[in-house]
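# Structural description and commentary
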Amino acid sequence: MCSSDLSIGSDVRFLGVGMSTTEARVEAPSRQRSLLFVGNSHTYQPKELGGVPQAVARLAASLGCGELEVASVVQGGADLLDLREEFATTLQAASQVWDTFILQVGCGADPGNRAAIELVLQEGYAPLLLEAAGPSCTVLLYQTWSGPRPLSSEADQLRESAAAYSVALRGAGIGDVRVAPVGNAFLALHTSTAFDRH
């Protein structure tokens with residue numbers, strides 16, 4: 001199933017793969033996509049599978065979406081504040097142009113860190129993205145969870161921080177900002193009574 005986005009329900013979109021809850025459709029990919037992932041161990045693990053970038057590329061290929069060209073800027077324990085310089089260096093040194101950028105963001109539990117991430121997205125990443133790929137690039141905010149035992153209140157933090165991070169990028173001129181609510185999925189699984197924690 002290939003199309004420009006994945007719809008779950010009616011309002012969540014995910015890059016490169018498409019389906020809805022009421023129908024599945026198949027469309028041929030119009031061009032090869034190139035993706036640059038930025039994040040920490042939530043992005044580069046599991047290493048034996050090539051991390052999230054290679055898992056996404058294999059999934060897209062298995063769905064008949066063609067090959068994705070993937071690369072990453074990763075460091076254990078890092079956030080977007082820590083990775084901005086390496087991201088800039090990667091963009092400047094690259095001979096290729098990426099059209100999709102997957103930026104790992106957390107749940108925004110710490111107000112000071114959340115404000116700093118909003119600022120670095122708006123003033124650090126957005127100008128680099130606009131220079132490298134233009135306003136038509138796609139940014140996917142890959143939003144993760146706080147830790148192995150999230151609180152139920154984290155759902156509100158996830159929603160609020162995703163909105164704030166999206167607004168920061170859109171306000172800086174990035175037109176296509178999407179959210180992959182992985183933290184919400186983890187929270188739902190963690191609170192599920194059907195989940196076997198052993």
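Look a little higher up for the structure.
Before going further, it helps to spend a moment on the overall build of the protein. Secondary structure summary: the protein contains six helices and seven strands in total. Written out in order from the N terminus, the α and β elements of the protein read β-β-β-α-α-β-α-β-α-β-α-β-α. Put simply, the protein has 198 residues, and 41% of those count as buried. Long-range contacts, defined here as pairs at least 24 residues apart, represent 72% of the contacts in the protein between residues at least 6 apart. Accessible surface for the protein amounts to roughly 10200 Å². Of this, 54% is attributable to carbon and sulfur atoms.

Attention shifts here to the nonpolar core. The biggest cluster of nonpolar side chains holds 30 residues, and the ones touching the most others in it are L80, F87, L121, Y125, L129, L141 and L169. Mapped onto this core, the elements with two or more residues apiece are β3 (33–39), α3 (80–93), β5 (100–105), α4 (111–133), β6 (138–143), α5 (154–171) and β7 (176–180).

Another point: the side chain of D99. Within the secondary structure, D99 sits in the loop between α3 and β5. Separated by 2.9 Å, the side chains of D99 and T100 make a polar contact.

Moving on: unusual backbone geometry. In the segment running from Q45 into P46, the intervening peptide bond is cis, with an omega of -10 degrees. Structurally, P46 is set in the loop between α1 (41–44) and α2 (51–62).

Right, let's get into the pattern of salt bridges. One pass over the full model with this rule turns up six salt bridges. A network of salt bridges, in which partner residues are shared, links R114, E118 and E160.

Pairing is parallel in the open sheet, where five strands are placed in the order β4-β3-β5-β6-β7. The sheet terminates laterally at β4 (68–74) and β7, the two strands that pair on one side only. Recorded for the sheet is a direction-independent mean angle of 20 degrees between the axes of neighbouring strands. Examined bridge by bridge, β5 and β6 share six bridges and lie parallel to one another. Directly across from I102, in β6, lies its bridge partner L140. Each of β3, β4 and β5 touches α3; the most contacted strand, β3, lies at about 145 degrees to it.

What counts and what doesn't
- Residues numbered from 1 in each chain as written.
- Predicted model: local features only at pLDDT ≥ 70, side-chain atom pairs only at ≥ 80, totals over all residues.
- Heavy atoms only, no water.
- Helix = DSSP H or I, 4+ residues; strand = E, 2+ residues; numbered from the N terminus.
- Buried < 20%, exposed > 50% of the residue type's maximum accessible area, 1.4 Å probe, protein only.
- Contact = heavy atoms within 4.5 Å.
- Areas by Shrake-Rupley, 256 points an atom, 1.4 Å probe, with all protein chains shown as cover.
- Core = buried A, V, L, I, M, F, W, Y, C linked by side-chain atoms within 4.5 Å.
- Polar contact = N/O pair within 3.5 Å; in protein donor to acceptor, adjacent residues only side chain to side chain.
- Salt bridge = Lys/Arg side-chain N within 4 Å of Asp/Glu carboxyl O.
- Pairing = 2+ DSSP bridges.
- Axes fitted to C-alpha atoms, helices over the stretch in contact; angles between N-to-C directions.

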